[in-house]
Every structure is written in structure tokens, then in C-alpha cells.
Amino acid sequence: MAEDDEDDPAVAAANAAKRVSALAAAAAAANKSKSAPAAKTKSLIESIPTSKADIFAYEIDWATYDAAKLSDSVQRWVNKKVAELLGEEEPSLVEFVVEKAGEHLGAAAMVDELEPVLDTEAEPFVIKLWRMLIYETLKAKEGGK
């Protein structure tokens, strides 16, 4: 009798529909689990200040910075941005910026330190650096190093 059911086009179509439905449900569940981290990341990014005044006033969680050992992330980011700004890698400048971040230097003080080298690019560079620091410390706090 089971063989007869499989030969019946209506039963075969119903079984195929069940399989398609199960596959669609599995795909939806996979997409949901993938979109949850993306939504969390988007929410985190949206919480980061964008104005210079707000960024410079933001209190970086230096304890999280130190505990999560974020200096490696900072070094990679700074290396990339310095190379973009100057047209070549500048290891001593990268080391200097990472060292100053490790000393928990404030944003305005960082601009002052970098102006002799980066001139008018110092402030935009520090604004971007601080946004990255804010993001990385918030992410580390949430357990997503």
C-alpha cells in the first residue's frame, strides 16, 4: 500500500511540499541566527556618537580596553589609516599612537600630539580613532571581542 501512495501524484506532491516547507523553515532559522548578530552590530554602531563634541566628551572604558587587550586591534587600524594618510607605512607613528592609547590619553590631547605630524588631518584621524575605540570597547563589554 505504501508503494501505491508514492505512485499517487497527489501524495508525491504533498510530500514534496512538506520537504520544501521544511527546507524553507530551516533556511529562515539560519537567516534569523545570522541576522541577530548583524542587528546587534548595527545597534552598537548607531549608539556611537558622531559629533566631534560628543566623541571628545565620551569616556572610553579604559579598563575594558586593557582587559580585552584591544591594543592589537588599534594597531591594525592605525597602521591601515596612517598608510592611507601618508601613502606609506610609518611604524614609528603607529607605535606612538598605540602607546598613547595605552596611556589612556584623551582625544583632545591625542590631537595635540599628532598635529605636528598629521597637521590638519590630526583631528579627523582622532575622531575616527575614537569612534573605533568606542566601538571596540562596547563590543568587548558585550563579550564579542
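Residues numbered from 1 in each chain as written. Predicted model: local features only at pLDDT ≥ 70, side-chain atom pairs only at ≥ 80, totals over all residues. Heavy atoms only, no water.

1. With respect to the side chain of Ser-73
Put simply, the test is: Counting from the N terminus, the helices are DSSP H or I runs at least four residues long and the strands are E runs at least two residues long. Here, residues are in contact when the closest pair of their heavy atoms is within 4.5 Å.
Within the fold, Ser-73 resides in helix α5 (residues 71-86). In this structure Ser-73 touches Met-132 and Glu-136, once residues within four positions along its chain are discounted.

2. Focus on the packing of aromatic side chains
This is how it is decided: Under the pairing criterion, centres of Phe, Tyr and Trp rings, with the six-membered ring standing for Trp, must be within 6.5 Å; the plane angle then separates stacked pairs below 30 degrees from edge-to-face pairs above 60, leaving the rest tilted. Accessible area is worked out with a 1.4 Å probe on protein chains only. A residue is then buried under 20% of its type maximum, exposed over 50%, and partly exposed in between.
Within this structure, the stated rule accounts for three aromatic pairs. Seen in terms of ring centroids, Trp-62 and Tyr-65 are 5.3 Å apart; in terms of plane orientation they differ by 75°. Their pairing is edge-to-face. Taken together, the positions of Trp-62 and Tyr-65, both in helix α4 (residues 62-67) and three residues apart, correspond to about one turn of that helix. For the pair shown, Trp-62 and Tyr-65 are each scored as buried. Centre to centre, the rings of Trp-62 and Trp-130 are 6.2 Å apart; their planes meet at 75°, and the pair counts as edge-to-face. Note that Trp-62 is positioned in helix α4 and Trp-130 in helix α8 (residues 122-141), a separation of 68 residues in sequence. Among the residues examined, Trp-62 registers a relative accessible area of 15% and is labelled buried. Here the aromatic residues Trp-62, Tyr-65 and Trp-130 are joined through ring pairs into a cluster of three or more.

3. Structural notes on the nonpolar core
Counted only if it meets this: In plain words, nonpolar cores are sets of buried Ala, Val, Leu, Ile, Met, Phe, Trp, Tyr and Cys residues tied together by side-chain atoms within 4.5 Å.
Counting 35 residues, the largest nonpolar core has Val-78, Leu-114, Phe-125, Leu-129 and Trp-130 as its most contacted members. Counting residues per element, this core draws most heavily on α8, which supplies twelve residues. Other than its neighbours up to four places away in sequence, Leu-114 contacts Leu-93, Phe-96, Val-97, Asp-119, Ala-122, Phe-125 and Val-126.

4. Some thoughts on the pattern of salt bridges
What counts is decided by this rule: When a carboxyl oxygen of Asp or Glu is within 4 Å of a side-chain nitrogen of Lys or Arg, the pair counts as a salt bridge.
Considering all chains together, one arrives at six salt bridges under this definition. Between Lys-52 and Glu-123 there is a salt bridge, and its shortest N-O distance comes to 3.0 Å. One end of the pair, Lys-52, is in helix α3 (residues 52-57); the other, Glu-123, is in helix α8, and 71 residues separate them in sequence. Lys-52 gets classed as partly exposed once you look at its relative accessible area, which sits at 39%. Looking at Glu-123, the relative accessible area reads 30%, which means it is partly exposed. Across the pair Glu-136 and Lys-139 runs a salt bridge, and its minimum N-O distance is 3.7 Å. Taken together, the residues span about one helical turn, with Glu-136 and Lys-139 both in helix α8 at a distance of three residues. Given the relative accessible area of 14%, Glu-136 is considered buried.

5. Some thoughts on helix α7 (residues 107-118)
Defined as follows: When we speak of the arc, we mean the arc of directions from the helix axis to the C-beta atoms.
By the burial criterion, the buried members of α7 are Ala-107, Met-110, Val-111, Leu-114 and Leu-118. The arc enclosing the buried residues of α7, seen along the axis, measures out at 100°, which places them on a common side. Exposed residues lying more than 90 degrees from the buried face of α7 are Asp-112 and Pro-116. Among the structural elements, α3, α5, α6 (91-102) and α8 are those in contact with the buried residues of α7. Looking one or two places after α7, you find Asp-119, whose phi comes out positive at around 55°.

6. Quick word on the confidence of the model for the chain
Which entries qualify depends on this criterion: The quantity called pLDDT is the predictor's confidence in a given residue, expressed from 0 to 100.
With 80% of its residues at a pLDDT of 70 or more, the chain has an overall mean of 87. Ranking the helices and strands of the chain by mean pLDDT puts α7 first, with 98, and helix α1 (residues 2-7) last, with 56.

7. Things to note about the packing of α6 against α7
Operational definition: With axes taken as lines fitted to C-alpha atoms, and helix axes fitted only over the stretch in contact, angles between N-to-C directions fall between 0 and 180 degrees. Each angle gets one of four labels, with under 35 degrees taken as roughly parallel, over 145 as roughly antiparallel, 65 to 115 as roughly perpendicular, and the rest as oblique. Think of it as three bins: nonpolar holds Ala, Val, Leu, Ile, Met, Phe, Trp, Tyr, Cys and Pro, charged holds Asp, Glu, Lys and Arg, and polar takes everything else, Gly as well.
It is at 11 Å that the axes of α6 and α7 come closest, and there the two elements cross at 170°. One element, α6, and the other, α7, form an angle in the roughly antiparallel class. Along its contact with α6, which presents Leu-93, Phe-96, Val-97, Lys-100 and Ala-101, the element α7 presents Met-110, Glu-113, Leu-114, Val-117 and Leu-118. Residues of the contact of α6 with α7, tallied by class, amount to eight nonpolar, no polar and two charged.

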